[in-house]
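As a plain string of letters, each chain reads:
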Amino acid sequence: MISRMARCWGCWLVVGALLVPAGCKKEEPAEPASPIGALAEKAAEVGETTVAAVLVRADKVDGAEDKVVSKCAGCALAMDGSPDHTLNAEGYTLRFCSAECKDRFAADTTKSILEMNFPED
Ligand SMILES: [Zn+2]
């Protein structure tokens, strides 16, 4: 009688041991500590990558990958830039056709780079 009871409790222990880990696995993973901070970091990363990508593309338009954008970025790279009107951004030298183009571009350099027009657009 005692041994039969013991075997019965043993069964329950086995069932319990199987159920507990299964229950644990159903729990949702913890939320990141600061989702907004993580998003802002991600956005900043994407922004930098995009600015760099635009500059690499603009640099190739004049046919030489020399980190000098010799066409005027303020005129959709259609006009020749002048060494008299230059702007430095992210290690690139941008040459503009006129002081007006340079000043307009320099008012918000990052935004201007992101909104830069290309001849093939
Ligand atoms: Zn221009």
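Every buried residue of helix α3 (residues 99-106) is listed here: C101, K102 and F105. In a view along the axis of α3, the buried residues occupy a sector of 100°, so they form one face of it. Opposite the buried face of α3, at more than 90 degrees from it, the exposed residues are A99 and E100. On its buried side, α3 packs onto β2 (82-89), β3 (92-96) and α4 (109-114).

In this section: the sheet that holds strand β1 (residues 68-69). The sheet built from three strands is open, its strands ordered β1-β3-β2 with mixed pairing. Edge positions in the sheet fall to β1 and β2, since each of these pairs with one other strand and no more. Across two bridges, β1 lies against β3 in parallel orientation. The partner of V69 across the bridge, within β3, is L94. Here α3 sits on the sheet and contacts β2 and β3; the angle it forms with β2, its principal contact strand, is near 10°.

Calculation rules
Residues numbered from 1 in each chain as written. Predicted model: local features only at pLDDT ≥ 70, side-chain atom pairs only at ≥ 80, totals over all residues. Buried ≥ 20, exposed ≤ 12 C-beta atoms within 10 Å, placed from the backbone. Helix = DSSP H or I, 4+ residues; strand = E, 2+ residues; numbered from the N terminus. Arc of directions from axis to C-beta. Contact = placed C-beta atoms within 7 Å. Pairing = 2+ DSSP bridges. Axes fitted to C-alpha atoms, helices over the stretch in contact; angles between N-to-C directions.

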